[in-house]
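# Overview (structure and organization)
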Amino acid sequence: MTPLKRDGWRVSETVEALSRGAGLAAWRQIADALEAEIAAGKLAQGTQLPTEATLATRFGVNRHTVRRALATLAERGLIRASQGRGTFVETAPLAYPIGRRTRFSEIVTGAGREPWGELVAQTEVTADAEGAAMLGVSEGAPLIELVTVHRADGVPLSTARTWLPLPRFSGFAEAYAVSGSITRALSACGVPDYTRLSTRIRARPAHPAEAARLDLTPGRVVIVVSSVNIDAAGIPIQANRSAFAADRVELVVSP
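Below is a short write-up of the structure. (Residues numbered from 1 in each chain as written. Predicted model: local features only at pLDDT ≥ 70, side-chain atom pairs only at ≥ 80, totals over all residues. Heavy atoms only, no water.)

### Some words on the side chain of Ser105
Worth spelling out the cut-off: Runs of E in the DSSP output that reach at least two residues are strands. Runs of H or I that reach at least four are helices, and both are numbered from the N terminus. Pairs of residues are marked as contacts when any of their non-hydrogen atoms sit within 4.5 Å.
When you line up the elements, Ser105 lands in helix 4 (residues 104–110). Ser105 has contacts with Pro115 and Ser181, leaving out every residue within four places of it along the chain.

Written out as structure tokens, the structure is:
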């Protein structure tokens, strides 16, 4: 019998048998089968999975059953669903060094992947007590706040909130939107080099907005890195709070 071809996959007209009445739910059997294919490399890292309809045909179930199986794999950190693009096998964690000169673009490029930063939102705010302490400004001083998403080969690794003092960095958001790089945006604002003053790391469940930006299922763990950068004169220029998808990076802390 000639196989059907859907979504670039060859699908047999013969339904793949599941163990009925064996005490193991169909969705769990599907999740385990796909997990085994991922572990064996049959579904390689970064590979797009077949559609729900194709998988439903393969296993002889309805799409709701397939959807539950895929949700389980997403909760295990094995796949991610990207809105409007499909579902993909997660890639291996990227080693992400944190030291005095942490540069997202350099780290991602060094790993052979394509970096990009997306500006999600920008607004002018006033410094609260915490922000004033981090940036060495008076409480109530004007700041620019940016919400960003940072990607490697299109896969979101982190989302961040960044604060910079005004009026010194009044053109930062525009420079970042064009370049997709914090380093290049700082350079455009007259800061050719900068170093890390402090870093704090903790883990927590992703907030709903973070999960949406990172293509994570709600409640998945993120690694939160709070940092302050200074210019060559030792003046604080940037406070940053980044939430990294925990399964996609391996933080490497160096002196």
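### Details of the pairing of strand 3 (residues 79–82)
How we decide: Paired strands are those between which DSSP finds at least two bridges.
Taken together, the 4 bridges between strand 3 and strand 4 (residues 86–89) define a ladder with antiparallel strand orientation. Across the sheet, Ser82 pairs through a bridge with Gly86, a residue of strand 4. The hairpin turn running from strand 3 into strand 4, its antiparallel successor, is 3 residues long, and Gly84 in that turn takes a positive phi close to 85°.

### Comments concerning the packing of helix 2 (residues 52–59) against helix 3 (residues 63–75)
Quick note on the threshold: As a rule, the C-alpha atoms of each element are fitted with a line to give its axis, helices using only the stretch in contact, and angles between N-to-C directions run from 0 to 180 degrees. Here the angle decides the label: under 35 degrees means roughly parallel, over 145 means roughly antiparallel, 65 to 115 means roughly perpendicular, and every other value means oblique. In this count, Pro and Cys sit with the nonpolar residues alongside Ala, Val, Leu, Ile, Met, Phe, Trp and Tyr, while Asp, Glu, Lys and Arg are called charged and the others, Gly among them, polar.
Put simply, helix 2 and helix 3 touch, their axes get as near as 9 Å, and they point 105° apart. Here helix 2 lies roughly perpendicular to helix 3, going by the angle between them. In this structure, helix 2 contributes Glu52, Ala53, Leu55 and Ala56 to the contact, and helix 3 contributes Arg63, Val66, Arg67 and Leu70. Each residue belonging to the contact of helix 2 with helix 3 can be placed in one class, and the counts come to 5 nonpolar, no polar and 3 charged.

### Looking at the nonpolar core
To keep it simple, the criterion reads: In this text, buried Ala, Val, Leu, Ile, Met, Phe, Trp, Tyr and Cys residues form a nonpolar core when linked through side-chain atoms within 4.5 Å. Summary of the burial criterion: residues with accessible area below 20% of their type's maximum are buried, those above 50% are exposed, and those between are partly exposed, where the area comes from a 1.4 Å probe applied to protein chains only.
Counting residues in each nonpolar core, the largest one holds 19 residues, and the members touching the most others are Ile30, Leu34, Leu70 and Ile79. Those elements giving two or more residues to this core turn out to be helix 1 (26–39), helix 2 and helix 3. Setting aside residues up to four positions removed in sequence, Leu70 forms contacts with Leu34, Leu49, Glu52, Leu55 and Ile79. Counting 16 residues, the second largest nonpolar core, distinct from the first, contains Ile144, Phe169, Phe172 and Ala185.

### Overview of the pattern of salt bridges
Formally: Salt-bridge detection follows one rule: a side-chain nitrogen of Lys or Arg within 4 Å of a carboxyl oxygen of Asp or Glu.
Counted according to the given criterion, the structure contains 16 salt bridges. Measuring nitrogen to oxygen at the nearest pair gives 3.7 Å for the salt bridge that ties Asp32 to Arg76. On the criterion of sequence distance, the pair formed by Asp32 in helix 1 and Arg76 in the loop between helix 3 and strand 3 is long-range, its members being 44 residues apart. When the shortest N-O distance is used, the salt bridge between Glu90 and Arg248 registers 2.9 Å.

### Some words on the environment of Leu73
With respect to the element layout, Leu73 can be found in helix 3. Leu73 sits 47 residues away from Val120 along the chain, and the two C-alpha atoms are 28 Å apart. Ignoring anything within four residues of it in the chain, the contact list for Leu73 reads Ala31, Leu34, Glu35, Leu78 and Ile79.

Taken by themselves, the reported measurements are silent on function.
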